[in-house]
Structure formats: structure tokens, C-alpha cells
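Observations on the model geometry
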Amino acid sequence: MNESTSLAESQLSDPHYLRSVTQMGDARPVVANRDILAASGMKLISAGMRIDSSLYERLLQHKLVPPLDESLSTEDAVTRASLAESAERMMQQDTRLALIQGSQLDGVTLPLVLKQLPLNPAIAFKLTVMRETKADLFQRSLYVALVSAYIGMQLQMNKNQLVDLATGALLHDIGMLHVDPRLLEGDYKMTEAERRHLYVHTVTGGMILKAYPEYRQKVVDAVLQHHERLDGSGYPRGLKAGELGQFGRIIGIAEVVASRSATGEVGGGSKLETMLKLNQRRYGGDLVPFLKVFYREESEVPFCSEIDKQLAQEKMAQIAAVFSAWEKARSGFDSSDLTCAFASERMLNLKMEIVDAGLNLDMNGEDWIGFDEDARACFDARLLLDETLWQLHSILQEIKRRCPAVAVEDPVPAAHPLSAWVREVEALL
């Protein structure tokens, strides 16, 4: 059993999901539809009994038989019809989703695709817990399902393929219900061990679906692979082109659309376009053209102040310093070391992508951006800088995930040749 599988199995019996279920029971009726036993055979809950937070500690002490999701029901649970209704509302209210509202293939509309998803009662209960206790996660999952189905339509998938794709997309983050909610807080600083627990949510999600025959292997694989990338920079297995399935790729890029095109955000489409420009090698150029509808040219961009210009220059200096440090350090790396090889590929690809996008690391001053001549050019350049810095942070995190020895902050000489460069870059950023 590898580390990811072991962590995923431990997540399935974590206290976080149980707390969400019992807290939901405080706000709405959650009732046992059968007796719930401990693995020892001791009856813990009788059929018909209501579940709430008062039972949390008692249930936490035991492995439950049958599993909790198969033993509980609640009013107004998620159904295929409610998913379709929620999708229609979302497309009416979200300015970018409204652009794909009329999409259909052979008479099948996006809401109709959701109406045909296989919805096992245990999974329906899990989605209800997500909707009631983690509304943002539920809304984003629905968003990803709509964008994924839209891409599937552009690829002329048949109805069965669209349903499988939308199912994987809707359920892609179901494993997140078993992740410590602290790790999802924006200002929380994760340890590397905690980061590994977050990364394994794809494996946890795959294990959950594997237990129910309604979900075919291609759906399970889509959940497992939605964080894999064509260049091997993803997780949990670091799959590359040729190893990564189409559904996983589509859901991965649909997640980008969901996270980068916030409703009503000025410049949100430009942010998405910039992000995709810098990730062609990760997501592939074949899917990107279908997303242009989400970043069509916007009529308004934020004003570029003198402070904005100064911050942009500082970011440009940071990025140039990081690449300069890389050029000096990489000659001393062991080319046979897999983590060194990964770092080299990611840094070289990122450099090519930012140059292709118009960022010249050898230029100084304001001329490279055209601050004073063109407000849109100024705004686009600032987005490019922010995305480049985000990518550099992402590379550092992935290096640490692949090689825990690099993550250890130790004053003695580094145990891995990348350690010194990683420390230098962290200081620069």
C-alpha cells in the first residue's frame, strides 16, 4: 500500500466529515434509516433515531456498520432534478455561465445532462452534506460540471460520454468533505504533512465512488486524475500526456475556469486568459480554444495607479532574480535525480511561456509594459506578473511534495541539491 492510498483510507474515517453530518443534523432532520452498529456488533443508533451534534463523540469512537452515508436520510436531499434546477439558476445569475446557457448537442441541454446523472442514495446524501455545510464547494462543483459538459459538447461527445463526464465533474471534489477544513482557509499556513493530506483528496474521492457500481471506472479515473497535468506536474501520480485520460484533463481545466472567472469581477476574463497562456504545456492547447467564450474582451479594466506601477516593477525584479538564481544553480544539479529533472522542466517551460506571453526578463524600466500608453496593456502585464509569481510558488510546493528532504529547513548542509535553491527562492519571493 503506497502513502497516498494509506492517507486516503485514513481520511475516510476522519472526524471532519462526521462533524459536518452531525452539525447538519442540528439545523435539519437527519434520521437513521436502519440500525447503525459498531464493528463489534454493539448497536449505537436505532432506526428512526435523529442524528445531531450530541451524538458526535459517541459515533467518533467506533467504526460504523453500515457506513454512515448508507444509513442516513434527510429532507430536501439533492436529486437529479434539484441539480438541474440549481444549474439553471446559476447560469442565469452568473455573467460568464450565461454565455453557455444555450449550449446543446442533439437536443440535450446542460441542465438535461445533469438530470441524467447516476445518483446513488449514499452519494446523494454526501452531496446534500456538501450543499448544506460547504456551500462554496457545492457551487463550485456544479460550476465545474457545467463547464465540463460544455467542453464535452464542443468535442461532440455522445450522450453517455457527456453524462459520465458531468458525473465525474460534479463529484470531482467529493473527497474534500473528508479534509480538515482548516486547510482550506486562505490564511492558514500548511505544513508539508498537511499538504499531503490535502493532495490525497483525489484518491479519497476515487475510493468513495469505487464502492458503488453506478460509477464506472472512467468516472472514478476522472476523479482520481483531475489534478494531473500533461507535463507531469500534477498529483497524485504525476501522470503525463498519454497516461492522462480525457475526462480528467477536461475537469482540470474546467476547475481553472471556475476558480478564475469569479462572478462580476472586473478583469476576471483577462485573468483566466493570462492563466491559460502560461499553462499551455500543462493543460494542452486543444481544449483552450473552447474557453474563449469565458474571456472575451472586456470593455473596462481597472485604473493603473503609480502604486500599481511600482508594485509591478518590484514583482518584475523578483521574477528576474528567481530565474537568474536558477540559471546559476541548475548546472550543479544531478540530471539523473527525478526531482531535479522535474524542476528543470517546469522552470524552462515557465520561462518559455512567459516570454511567449510578452514578458521579457532582460528588460528594465517601464517600457516593457507600456504603462503610460495603454491601460489594458498595463493591466494585462500586471496579471501576467501575478500569474508568474503564483506559478513559481506552485513549482516550489511541487518540489517539496516530490522530495520531502527539500522541505526540511535545516541549518546544516542541504541533504538534496535543490534545497539551497529552494531556500534562496523562498527568500526572494
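These notes cover the structure that comes with them. (Residues numbered from 1 in each chain as written. Predicted model: local features only at pLDDT ≥ 70, side-chain atom pairs only at ≥ 80, totals over all residues. Heavy atoms only, no water.)

Regarding its fold elements, the protein chain presents 19 helices and seven strands. Computed over its C-alpha atoms, the radius of gyration of the protein chain comes to 23 Å, within 12% of the 22 Å expected for a compact globule of 429 residues. Taken along the three principal axes of its C-alpha coordinates, the protein chain extends 70 × 60 × 40 Å. Within the protein chain, the proportion of its 429 residues that are buried is 52%. Pairs at least 24 residues apart make up 74% of the contacts formed inside the protein chain by residues separated by at least 6 positions. With the model as given, the accessible surface of the protein chain reaches about 19,400 Å², and the carbon-plus-sulfur share is 50%. Distance between charge centres in the protein chain, computed from 46 positive and 59 negative side chains, equals 5 Å. (Helix = DSSP H or I, 4+ residues; strand = E, 2+ residues; numbered from the N terminus. Rg over C-alpha atoms; globule rule 2.2 N^0.38 Å. Buried < 20%, exposed > 50% of the residue type's maximum accessible area, 1.4 Å probe, protein only. Contact = heavy atoms within 4.5 Å. Areas by Shrake-Rupley, 256 points an atom, 1.4 Å probe, with all protein chains shown as cover. Lys, Arg positive; Asp, Glu negative; His and termini not counted. Charge placed at Lys NZ, Arg CZ, Asp CG, Glu CD.)

The omega torsion across Val 65 and Pro 66 is -5 degrees, close enough to zero to call that bond cis. Take Pro 66: it is sitting in the loop between β4 (64–65) and β5 (72–74). Of note, the amide linkage connecting Tyr 235 to Pro 236 takes the cis form, showing an omega dihedral of 15 degrees. Within the secondary structure layout, Pro 236 lies in the loop between α11 (217–225) and α12 (246–260). We note that Asp 76 has phi near 50 degrees; this positive angle belongs to a residue other than glycine. Its relative accessible area of 56% is what places Asp 76 among the exposed residues. A positive phi angle, near 60 degrees, is found at Gln 156, a position not held by glycine. Mapping Gln 156 onto the fold places it in the loop between α7 (135–154) and α8 (159–170).

If you trace the three strands from one edge of the open sheet to the other, you get β3-β2-β4, paired in antiparallel fashion. Either end of the sheet is taken by a strand with one partner, and the two such strands are β3 (43–45) and β4. Note that strand β2 (residues 36–38) and β4 share two bridges and pair antiparallel. Note that in β4 the partner of Leu 37 across the bridge is Val 65. (Pairing = 2+ DSSP bridges.)

Following both chains from N to C, one finds α11 and α12 inclined at 45 degrees, their axes separated by 8 Å at the closest point. In terms of orientation, α11 lies oblique with respect to α12. Every pair of crossing elements has a handedness; the one defined by α11 and α12 is right-handed. Residues Lys 218, Ala 222 and Gln 225 of α11 form the contact with α12, whose participating residues are Phe 247, Gly 248 and Ile 251. In terms of residue class, the contact of α11 with α12 is made up of three nonpolar, two polar and one charged. (Axes fitted to C-alpha atoms, helices over the stretch in contact; angles between N-to-C directions. Parallel < 35°, antiparallel > 145°, perpendicular 65-115°, else oblique. Left-handed = near helix turned anticlockwise from the far one by under 90°. Nonpolar A, V, L, I, M, F, W, Y, C, P; charged D, E, K, R; others polar.)

This structure, assessed with the given rule, holds 24 salt bridges. With its nearest N and O atoms 3.7 Å apart, the salt bridge here joins Asp 308 to Arg 382. Taken together, the positions of Asp 308 in helix α15 (residues 306–329) and Arg 382 in helix α17 (residues 375–402) put the pair 74 residues apart, joining distant regions of the chain. Accessibility classification places Asp 308 together with Arg 382 in one group, the buried group. One salt bridge in this structure joins Asp 386 and Lys 315, with 2.6 Å as the shortest N-O distance. Taken as a pair, Asp 386 in helix α17 and Lys 315 in helix α15 lie far apart in primary sequence, 71 residues in all. Residue Asp 386 is classed as partly exposed on the basis of its relative accessible area, which comes to 37%. (Salt bridge = Lys/Arg side-chain N within 4 Å of Asp/Glu carboxyl O.)

Let us look at the side chain of Asp 180. Topologically, Asp 180 is positioned in the loop between α8 and α9 (192–199). Taking relative accessible area as the criterion, Asp 180 reaches 16% and is therefore assigned buried. Side chain to side chain, Asp 180 and Arg 182 meet in a polar contact 3.0 Å long. (Polar contact = N/O pair within 3.5 Å; in protein donor to acceptor, adjacent residues only side chain to side chain.)

Counting residues in hydrophobic clusters, the biggest one holds 88 residues, and the most contacted among them are Leu 72, Leu 97, Val 147, Leu 276, Leu 291 and Phe 294. Every residue in contact with Leu 291, bar those within four places of it in the chain, is listed here: Val 147, Ile 151, Ile 253, Val 257 and Leu 276. If you look at the next biggest cluster of nonpolar residues, it comprises 30 residues, including Leu 278, Ile 319, Val 322 and Cys 403. (Core = buried A, V, L, I, M, F, W, Y, C linked by side-chain atoms within 4.5 Å.)

Looking now at α15. The end-to-end C-alpha separation of α15 is 35 Å, in line with the 34 Å expected for 24 residues at 1.5 Å each. Regarding α15, the residues found buried are Asp 308, Lys 309, Ala 312, Met 316, Ile 319, Val 322, Phe 323, Ala 325 and Trp 326. (Expected span 1.5 Å × (residues − 1).)

Moving on, we get to the environment of Pro 404. Tracing the chain through its elements places Pro 404 in helix α18 (residues 404–407). Sequence separation between Pro 404 and Ala 357 is 47 residues; the distance between their C-alpha atoms is 33 Å.

To continue, consider the environment of Asn 349. In this fold, Asn 349 is placed in helix α16 (residues 338–356). Using a relative accessible area of 12% as the deciding quantity, one classes Asn 349 as buried. With 68 residues separating them in the primary sequence, Asn 349 and Arg 281 have C-alpha atoms 7.5 Å apart.

With that settled, consider the packing of aromatic side chains. The tally for this structure, following the rule as stated, stands at four aromatic pairs. On the numbers, 4.2 Å between centres and 25 degrees between planes, the contact of Tyr 199 with Tyr 235 is stacked. Linking Tyr 199 in helix α9 with Tyr 235 in the loop between α11 and α12, this pair joins segments that are 36 residues apart in sequence. The two residues Tyr 199 and Tyr 235 agree in class, both being buried. Judged by centre distance (4.9 Å) and plane angle (65 degrees), the rings of Trp 326 and Trp 421 are edge-to-face. Taken as a pair, Trp 326 in helix α15 and Trp 421 in helix α19 (residues 419–428) lie far apart in primary sequence, 95 residues in all. Like Trp 421, Trp 326 is buried. Of the aromatic side chains, those joined through ring pairs into one cluster are Trp 326, Phe 333 and Trp 421. The ring centre of Tyr 17 lies 3.8 Å from the NZ or CZ of Lys 126, which sits over that ring. (Phe/Tyr/Trp six-rings, centres within 6.5 Å; stacked < 30°, edge-to-face > 60°. Lys NZ or Arg CZ within 6 Å of the ring centre and 35° of its normal.)

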